[in-house]
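Spelled out, the chains give:
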Amino acid sequence: MRKGIHPENYRLVAFKDMSNDDVFITKSTVETKETITHEGVEYPVFKMEISRTSHPFYTGKSKLIDTAGRIDKFKTKYAKFSKE
């Protein structure tokens, strides 16, 4: 490895999934301003919107979010092309 190009500030950081409150600990150099106590130990915390415990690919559960009837609008628009 080349000297002087790798970060020196690796430390244990808690990553918190905000959608399901799952917390996991790993080494990281991410900058954080908040801390969290997990299993009696205080860690810097990085908050995420989605992680392996909430992503549909990993959980096998997909969520269909229909905003403003877009799915119905699509089905109506392309109904004339259906092969029935």
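Each remark here, short or long, concerns the structure printed above.
Below is a short write-up of the structure. (Residues numbered from 1 in each chain as written. Predicted model: local features only at pLDDT ≥ 70, side-chain atom pairs only at ≥ 80, totals over all residues. Heavy atoms only, no water.)

1. Topic: the overall build of the protein chain
Right, so step 1: The secondary structure content of the protein chain amounts to two helices and four strands.
Right, so step 2: The buried share of the protein chain, taken over its 84 residues, is 17%.
Right, so step 3: A separation threshold of at least 6 residues defines the contact pool for the protein chain, and within that pool the share at least 24 residues apart is 34%. (Helix = DSSP H or I, 4+ residues; strand = E, 2+ residues; numbered from the N terminus. Buried < 20%, exposed > 50% of the residue type's maximum accessible area, 1.4 Å probe, protein only. Contact = heavy atoms within 4.5 Å.)

2. Brief notes about the environment of Glu 8
Right, so step 1: Following the sequence through the fold, Glu 8 ends up in the segment before β1 (11-17).
Right, so step 2: For Glu 8 and Thr 29, which are 21 residues apart along the polypeptide, the C-alpha to C-alpha distance reads 8.3 Å.

3. Here we look at the pattern of salt bridges
Right, so step 1: Tallied over the entire structure, the rule returns one salt bridge.
Right, so step 2: With a shortest N-O distance of 3.0 Å, Glu 34 and Lys 47 are connected by a salt bridge. Of this pair, Glu 34 sits in strand β3 (residues 34-38) while Lys 47 sits in strand β4 (residues 41-48), and the two are 13 residues apart along the sequence.
Right, so step 3: Among the residues examined, Glu 34 registers a relative accessible area of 44% and is labelled partly exposed. (Salt bridge = Lys/Arg side-chain N within 4 Å of Asp/Glu carboxyl O.)

4. Observations concerning a nonpolar patch on the surface
Right, so step 1: Together, Phe 74, Tyr 78 and Phe 81 give the surface a local cluster of nonpolar side chains, amounting to about 350 Å² of exposed area.
Right, so step 2: Note that Phe 81 resides in the segment after α2 (70-78). (Patch = residues over 30% accessible without salt bridge, like charges linked within 9 Å, V, L, I, M, F, W, Y side chains within 5 Å. Areas by Shrake-Rupley, 256 points an atom, 1.4 Å probe, with all protein chains shown as cover.)

5. Section: the side chain of Lys 16
Right, so step 1: With respect to the helices and strands, Lys 16 occurs in strand β1.
Right, so step 2: Although buried, Lys 16 forms no salt bridge, and the nearest oppositely charged side chain, Asp 21, lies 4.0 Å from it.
Right, so step 3: Every residue in contact with Lys 16, bar those within four places of it in the chain, is listed here: Asp 21, Asp 22, Val 23, Ile 36, Val 45, Phe 46, Lys 47 and Met 48. (Lys, Arg positive; Asp, Glu negative; His and termini not counted.)

6. Some points on the sheet that holds β1
Right, so step 1: Strand order across the open sheet formed by four strands is β2-β1-β4-β3, with mixed pairing between neighbours. Both edges of this open sheet fall to β2 (23-28) and β3, since each of them pairs with a single strand only. Averaged over all pairs of adjacent strands, the angle between strand axes in this sheet comes to 50 degrees, irrespective of strand direction.
Right, so step 2: With five bridges joining them, β3 and β4 adopt antiparallel strand pairing. Within β4, the position partnered with Thr 35 by the bridge is Pro 44. (Pairing = 2+ DSSP bridges. Axes fitted to C-alpha atoms, helices over the stretch in contact; angles between N-to-C directions.)

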